[in-house]
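Coordinate analysis (summary)
Each chain, written out:
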Amino acid sequence: MSLTRREFLQILAAASAAGISLPGYGVAAGKEKADSDIYELPKFGNVSLLHITDVHAQLLPIWFREPNINIGIGKMQGQAPHLVGQHYLRHYGIAPGSAEAHAFTHLDFVEASKRYGKVGGFAHLATLVKKMREQRPGALLLDGGDTWQGSATSLWTKGQDMIDACKLLGVKVMTAHWEFTYGDNRVKEVLEKDLKGHIDFVAQNVFDTEWNERIFTPSVTKTINGVPVAIIGQAFPYTPVANPRYMIPTWSFGIRDEEMQKQVDKVRAEGAKIVVVLSHNGMDVDLKMASRVTGIDVILGGHTHDAVPKPITVSNASGKTLVINSGSNGKFLSVLDLDVKDGRLRDFRYRLLPVFSNLLAPDREMAALIERVRAPFKAKLEEKLAVTDDLLYRRGNFNGTFDQLILDALLAVKGADLAFSPGFRWGTSLLPGDTITMEDVMNQTAITYPTSTLTDMTGSRIKEILEDVADNLYNQDPYYQQGGDMVRVGALKYAIEPNSTMNKRISAMELKGKPLALNKTYKVAGWAPVSQPMEGAPIWDVVAEYLRNAKHVKIGEPNVPLIKGIKQNPGLA
Amino acid sequence: MSVKRRSFLKGTVATSALGVAVGSGLLQPRAAWAAWSEKAFSAKKVDEAIAGLYGSATTKDSSEIKLTVPDIAENGAVVPISVTTSLKNVESIAILVEKNPAPLTGGFNFSGNLEGYVSTRIKMGETSDVYAVVKAGGQVYSTKKMVKVTIGGCGG
């Protein structure tokens, strides 16, 4: 049973009385707030920005467990966002057992979820956005992308449900990543038919492969309470590598620091007093970019799904840049208040507000839109497939229990020796005892290239894949990372040494107690092939078939590799 | 016509006729350069290729060469690359990929007082360091950058 709004507030008040404050505004402010409402934020300054990112099409309230493994290596070790569990709480001074501890970490996830209820949901988020706008008139709502993908209804409407919901929510500027997996024509169609006059779609780093000309408007300048604020878009730099190239065959991406610098200089010259980068780089890349490109006041980032409650201030050759990342799945709303005087940023206040669904009455208009969107698909969405005895989640550097379920399904249905599943960071959680519906399965699998595969691979090819993905996760230079987690692996045991280098991280590969033979061929099941469109059963049918037969799911411990060479890393709980 | 396209064409014109022919795909580098250095183009190692071109494998690291190439290649078969240098009296620019079976992928001869700029596309078989070597004022300079060629997928 989750708490009522009143009980919830009482707990917050008790936490506050014990001298524990919410992060961001200091002890005194926290105390006052807990007595009234965590969403009563004193207005500060004259320019306010609201930021959501990586919503992954979650229109309804959900559970979302934050990672217990998010290892930072090299310069990133022990630094945000590579902090989990107790390390995270200590770093930010958050009280164990508090609502914030639940929102920001995986600790006591099942118990705390029951206590504090679900998070997110667009109807609840809409109420919160309206409240923030009332408190801070002129506040501009920005969407960092990965909004149109991640659910059944978004896939079946080609993102239309989310596009309509974002317009209603009042998003003014967006950039993108998974949006591109609907293909170049669909993106262009949405820009023309839906977004024009409502939402500016900005991306400075997408160019035509032939003439090297920009596909999208790189930036837009909005005047907020008399202050010209430029918002420069940075789409996910590795979209054609991490997702199918064939969806966007003539668009080239990349980080493009130099182009970013030119764009910053241009908008400054044109009169912008505040320069914001709306980024889908991933937080480690944002931090590096902030150290190299000058003249950016704030990076509002996403992609790596890091919920970081305080901005990180990065120094560069000509000043300082605040780097903010706002979590995922509609679980958080970033509220950034800037004090701009005499043409420059003087001070700021920031809060990453968890969206506790029980604390926010659903907005009627948004609730009606969501109901309308779901109505035609209701029966399909609500099909009950099985009951889970265990907590199911995905997020983390290695296999989550939901990945394990997908891998078990692939192994069983495809008759494979081992299985791979992509290291996506999206995918919601389910509590023990929850019924797994078709909608829940789609929340893990809803992509435009869902084909399940069975491929013959040699042991050395299997190692090559593991090494390749491990380098995309653990390269010491964030510009060489892709921002996903490690590929999930079924049946195969292995050891990994994150601090090592390309082709030297993976060892001790074992299948059914025997070493994997590099020259032997194995049957490998997988899904989400990126090289070309393929025929075959979509992954959700494979998982659904498995679940209908199983009726009850018990996962136990997920297949996490032996992690070597990492001692007392704050990214490991 | 956009500024980008104009500057692209301007840059192309800045290289010699041979450079234009190679860059635009009218000539295979091997054919165009055969008379000049068969040894350099058939070399299996970066050092040998540079020695084949310039007589010695020794180059001077230079911050005056700017190598613009993606950190991670979107498609190893066509990796866009440009080399710009502020060095004076540029005589030639060469591009080498360490892990390619034949590292020397292209060379561009300059004549007269021209801007040191080359833009082309190269093929890469695997993750490798990419070298830009510039001969200017009788000296040989270089810079390098790692470019990753990955299997892809699994992001985000």
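Residues numbered from 1 in each chain as written. Chains lettered and ligands numbered in written order. Predicted model: local features only at pLDDT ≥ 70, side-chain atom pairs only at ≥ 80, totals over all residues.

**Let's talk about the overall build of chain A**
- Within chain A, the secondary structure is distributed over 18 helices and 25 strands.
- Here the C-alpha coordinates of chain A stretch approximately 70 × 60 × 50 Å along the principal axes.
- A separation of at least 24 residues holds for 76% of the contacts in chain A among residues at least 6 apart in sequence. (Helix = DSSP H or I, 4+ residues; strand = E, 2+ residues; numbered from the N terminus. Contact = placed C-beta atoms within 7 Å.)

**Considerations on the overall build of chain B**
- When its secondary structure is counted, chain B shows 4 helices and 8 strands.
- Going residue by residue from the N terminus, the α and β elements of chain B occur as α-α-α-α-β-β-β-β-β-β-β-β.
- Looking at chain B alone, contacts between residues at least 24 apart form 64% of all its contacts between residues at least 6 apart.

**Focus on the nonpolar core**
All names here are of chain A.
- Core analysis: the biggest nonpolar cluster contains 212 residues, and L50, V276, L333 and V543 have the highest contact counts within it.
- Both of domain 1 (47-62 + 118-370) and domain 2 (378-563) provide at least three residues apiece to this core.
- Apart from residues no more than four positions distant in its own chain, V276 is found in contact with L49, V229, A230, I231, D297, V298 and L300. (Core = buried A, V, L, I, M, F, W, Y, C linked by C-beta atoms within 7 Å. Buried ≥ 20, exposed ≤ 12 C-beta atoms within 10 Å, placed from the backbone. Domains from an automatic or database assignment.)

**Focus: the interface of chain A and chain B**
- Contacts between the two partners involve 35 residues from chain A, matched on the other side by 18 residues from chain B.
- Among the secondary structure elements, those contributing two or more residues to the side of chain A that touches chain B are α10 (239-242) and α17 (459-474) of chain A.
- The dominant element in the side of chain A that touches chain B, judged by the number of residues it contributes, is α17(A), at 4 residues.
- Of the residues in the side of chain A that touches chain B, the class split is 19 nonpolar, 11 polar and 5 charged. (Nonpolar A, V, L, I, M, F, W, Y, C, P; charged D, E, K, R; others polar.)

**Comments concerning the packing of helix α8 (residues 160-169) of chain A against helix α13 (residues 364-374) of chain A**
All names here are of chain A.
- Taken N-terminus to C-terminus, the directions of α8 and α13 make an angle of 170°; their axes are 11 Å apart at the nearest point. Taken together, the axis directions place α8 and α13 in an arrangement best described as roughly antiparallel. Together, D161, D164, A165 and L168 of α8 and E365, M366, L369 and V373 of α13 make up the contact between the two elements.
- Of the residues contributing to the contact of α8 with α13, the split by class is 5 nonpolar, no polar and 3 charged. (Axes fitted to C-alpha atoms, helices over the stretch in contact; angles between N-to-C directions. Parallel < 35°, antiparallel > 145°, perpendicular 65-115°, else oblique.)

**Examining the pairing of strand β6 (residues 116-122) of chain B**
Residues and elements named next belong to chain B.
- By the criterion of burial, β6 is predominantly enclosed, with 5 of the 7 residues buried.
- Across 7 bridges, the pairing between strand β3 (residues 79-85) and β6 is antiparallel. Bridging from a neighbouring strand, P80 pairs with R121 of β6. (Pairing = 2+ DSSP bridges.)

**A word on the sheet that holds β3(B)**
All names here are of chain B.
- Pairing in this open sheet of 3 strands is antiparallel, and the strands run β2-β3-β6 from one edge to the other. Unpaired on one side and paired on the other, β2 (65-68) and β6 mark the two borders of the sheet. The average undirected angle you get between the axes of adjacent strands in this sheet is 15°.

**Details of the environment of A:R256**
- In this structure, A:R256 sits in the loop between β8 (251-252) and α11 (257-269).
- C-alpha separation for the pair A:R256 and A:P237, spaced 19 residues apart in sequence, amounts to 8.4 Å.

**Examining the sheet that holds strand β18 (residues 452-458) of chain A**
Residues and elements named next belong to chain A.
- Taken together, the 4 strands give an open sheet; going across it, the order is β18-β23-β16-β19, and neighbouring strands pair in mixed fashion. Across the chains shown, the open sheet's two edge strands, defined by having one partner strand only, are β18 and β19 (488-490). On average, adjacent strands in this sheet sit at an angle of 25° to one another, irrespective of strand direction.
- Across the sheet, α17 is in contact with β18 and β23 (521-527); its angle to β18 comes to roughly 115°.

**Some remarks on the domain arrangement of chain A**
All names here are of chain A.
- The assigned domain composition of chain A is domain 1 (47-62 + 118-370) and domain 2 (378-563).
- Placing a centre on the C-alpha atoms of domain 1 and another on those of domain 2 gives a separation of 29 Å.
- The interface of domain 1 with domain 2 comprises 28 residues on the first partner and 21 residues on the second.
- Where the side of domain 1 that touches domain 2 is concerned, the elements lending two or more residues are α7 (152-156), α10 and α12 (283-292).
- A per-class count over the side of domain 1 that touches domain 2 returns 11 nonpolar, 14 polar and 3 charged.

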